[in-house]
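So you can see what is in the structure, the chains are spelled out below.
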Amino acid sequence: MEIFGVPLQAFLGQLLLGLVNGSFYAVLSLGLAVIFGLLGIVNFAHGALYMMGAYMAWLLMEKFQIGFWWALILAPIVVGAIGLVIERTLLKRLYKIDPIYGLLLTFGLALIAEGVFRDQFGVSGQQYAVPELLRGATNLGFMVLPNYRAFVVLASLIICLGTWFIIERTRLGAYLRAGTENPALVQAFGVNVPMMVALTYAAGAGLAAVAGVLAAPVIQITPLMGSNLIIVVFAVVVIGGMGSIMGAILTGLMLGLVEGLTKVFYPEASNIVVFVIMAIMLMIRPAGLFGKEK
């Protein structure tokens, strides 16, 4: 059976690959959207935090024999703590001035992190084994589905929807949104707004680390892995709408699928299709699919 001249198995395989990539885009753009939507910071260090999450998983395995499942917990905590230090020592000084300074600072931090990891680990890349529980594949009849890739999609959906629910449907999320819009009023009710803001940035950094740990078994871990992905993720956030949590999730998944289908029907355009869509979106709706016009 063929679809537009492409064998069904090849078509579904590329669709699955696109969905997996879209899952990484969704988790990473979710962290960016949380940080920008609640703090107003264009966090160019997000790719470096993603890379740190992957390296943390690898180091936990190599140095301490700590496996994938613990790495999913420990790596986001460690990277989140690094994010907390960054916010408390550097970013907190920039909230009341032009956002370009936050962008330049985080861009500089990303370059520093990339340089440090290149010096320590080189650029050849490290391999991280798929956890034993998720090895192998399941034969669905019409295609063979790798177990780990299915897990990545499922885990990403749970993480994304859980984060959206916390921010949009809980009292904590209401405090976060109110604290960024009117911090003086919220602080008058006894809420420690500066610490809440710092923890929000740490949570965004932790989300990037989660994506890094999930990516470790399916790609080579290199210091450049974050910088190679962050531009695409920023395009995803722009298309979905800067600061829109649900926009980041849905657009990340959608663009992953579009990218996967483009590799089937027009492979030459697969590396630029996201940016073409972004350019069209900026022309017809600058606020993005789910963003609010000002």
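This text follows the structure it describes.
Residues numbered from 1 in each chain as written. Predicted model: local features only at pLDDT ≥ 70, side-chain atom pairs only at ≥ 80, totals over all residues. Heavy atoms only, no water.

S.K.: Any chance you could explain the overall build of the chain here in plain terms?
M.R.: Of the regular secondary structure elements, the chain holds eleven helices and four strands. Relative to its length of 294 residues, the chain is compact, with a C-alpha radius of gyration of 19 Å against a globular reference of 19 Å. If you line up the chain on its principal axes, its C-alpha atoms span 65 × 50 × 35 Å. Residue burial in the chain is summarised as follows: out of 294 residues, 48% are buried. For the chain, the accessible area works out to roughly 14,400 Å², and carbon and sulfur atoms hold 67% of it. Averaging the locations of the 15 positively and 12 negatively charged side chains of the chain gives two centres separated by 11 Å. (Helix = DSSP H or I, 4+ residues; strand = E, 2+ residues; numbered from the N terminus. Rg over C-alpha atoms; globule rule 2.2 N^0.38 Å. Buried < 20%, exposed > 50% of the residue type's maximum accessible area, 1.4 Å probe, protein only. Areas by Shrake-Rupley, 256 points an atom, 1.4 Å probe, with all protein chains shown as cover. Lys, Arg positive; Asp, Glu negative; His and termini not counted. Charge placed at Lys NZ, Arg CZ, Asp CG, Glu CD.)

S.K.: Sorry if this is basic, but what is going on with the layout of surface pockets here?
M.R.: One water molecule sets the probe size; rolling that probe over the atoms shows where empty space is left. Approximately 1,200 Å³ is the volume attributed to the largest pocket. Taken together, 39 residues form the lining of the largest pocket, with Phe36, Gly37, Leu38, Leu39 and Gly40 sitting closest to its centre. When contributions to the lining of the largest pocket are tallied by element, the ones reaching two or more residues are helix 1 (8-39), helix 5 (147-169), helix 6 (171-181), helix 7 (183-188) and helix 8 (193-215). Residue contributions to the lining of the largest pocket peak at five residues, all from helix 1. Classifying every residue of the lining of the largest pocket by side-chain character gives 20 nonpolar, nine polar and ten charged. (1 Å grid on protein atoms, 1.4 Å probe; cavity = no way out; pocket = protein on both sides within 12 Å on 5 of 7 lines; lining within 4 Å. Points joined across faces, edges and corners; volume = space filled by probe spheres on them. Nonpolar A, V, L, I, M, F, W, Y, C, P; charged D, E, K, R; others polar.)

S.K.: When you look at unusual backbone geometry in this model, what are you seeing that I'm missing?
M.R.: Backbone geometry follows two general trends: most residues other than glycine have a negative phi, and most peptide bonds adopt the trans configuration. Positive phi is not limited to glycine here, since glutamine 65 has a value of about 55°. Relative to the helices and strands, glutamine 65 is located in the loop between helix 2 (46-64) and helix 3 (68-89).

S.K.: How should I be thinking about empty space enclosed by the protein in this particular structure?
M.R.: Taken as a whole, this structure holds one cavity of 30 Å³ or more when the rule is applied. What the largest cavity holds in volume is close to 30 Å³. The wall of the largest cavity is formed by Leu32, Phe36, Ile41, Val42, Asn43, Phe234, Val237 and Met242. When contributions to the lining of the largest cavity are tallied by element, the ones reaching two or more residues are helix 1 and helix 9 (225-240). Looking at side-chain class alone, the lining of the largest cavity contains seven nonpolar, one polar and no charged residues.

S.K.: Explain the nonpolar core here, please?
M.R.: Soluble, globular proteins show a tendency: their nonpolar side chains are buried together. Tyr50, Tyr128, Tyr201, Leu214 and Ile221 are the most contacted members of the largest nonpolar core, which totals 90 residues. Per element, the largest residue contribution to this core is 17 residues, and it comes from helix 1. Here tyrosine 201 is in contact with Ile35, Leu39, Asn43, Ala45, Leu49, Gly83, Ile86, Glu87 and Leu91, once residues within four sequence places are set aside. (Core = buried A, V, L, I, M, F, W, Y, C linked by side-chain atoms within 4.5 Å. Contact = heavy atoms within 4.5 Å.)

S.K.: Explain the packing of helix 2 against helix 3 to me, please; I cannot follow it from the model alone.
M.R.: To describe two helices that pack against each other, one gives the angle between their axes and the distance between the axes. Here helix 2 crosses helix 3 at 135°, and the two axes come no closer than 9 Å. Looking at the two axes, helix 2 sits oblique to helix 3. Like other packed secondary-structure pairs, helix 2 and helix 3 cross with a definite hand, here right-handed. Here Leu49, Met52, Gly53, Met56, Ala57, Leu60 and Met61 of helix 2 lie close against helix 3, whose contacting residues are Phe68, Ala71, Leu74, Ala75, Val78, Val79 and Ile82. (Axes fitted to C-alpha atoms, helices over the stretch in contact; angles between N-to-C directions. Parallel < 35°, antiparallel > 145°, perpendicular 65-115°, else oblique. Left-handed = near helix turned anticlockwise from the far one by under 90°.)

S.K.: What is the right way to read the side chain of threonine 262 from this model?
M.R.: By the element assignment, threonine 262 lies in helix 10 (residues 245-265). Once residues within four sequence positions are removed from consideration, threonine 262 is found in contact with Pro267, Ala269, Ser270 and Val273.

S.K.: Can you help me understand helix 11 (residues 273-284) in this one?
M.R.: The periodicity of an α-helix, 3.6 residues per turn, causes residues three or four places apart in sequence to face the same way. Taking 1.5 Å as the rise per residue, helix 11 with twelve residues should run 16 Å; its terminal C-alpha atoms sit 17 Å apart, in good agreement. For helix 11, the full list of buried residues reads Val273, Val274 and Met281. What you see down the axis of helix 11 is that its buried residues fit within an arc of 100°, all on one side. In this structure, the buried side of helix 11 is in contact with helix 9 and helix 10. (Expected span 1.5 Å × (residues − 1). Arc of directions from axis to C-beta.)

S.K.: So what exactly am I meant to see when it comes to the environment of alanine 203 here?
M.R.: With respect to the helices, strands and loops of the structure, alanine 203 is situated in helix 8. What makes alanine 203 partly exposed here is its relative accessible area of 43%. Residues alanine 203 and lysine 263 lie 60 residues apart in sequence; the distance between their C-alpha atoms is 34 Å.

S.K.: Please explain the packing of helix 1 against helix 5 as it appears in this structure.
M.R.: Contact geometry for helix 1 and helix 5: axes closest at 9 Å, N-to-C directions at 25°. In terms of axis orientation, helix 1 runs roughly parallel to helix 5. Between helix 1 and helix 5 lies a crossing whose hand is left-handed. Of helix 5, the residues touching helix 1 (which contributes Leu17, Leu19, Val20, Ser23, Phe24, Ala26, Val27, Leu30 and Val34) are Arg149, Val152, Val153, Ser156, Ile159, Cys160, Thr163 and Ile167. A per-class count over the contact of helix 1 with helix 5 returns 13 nonpolar, three polar and one charged.

By themselves, these are just geometric observations and shouldn't be taken as functional.
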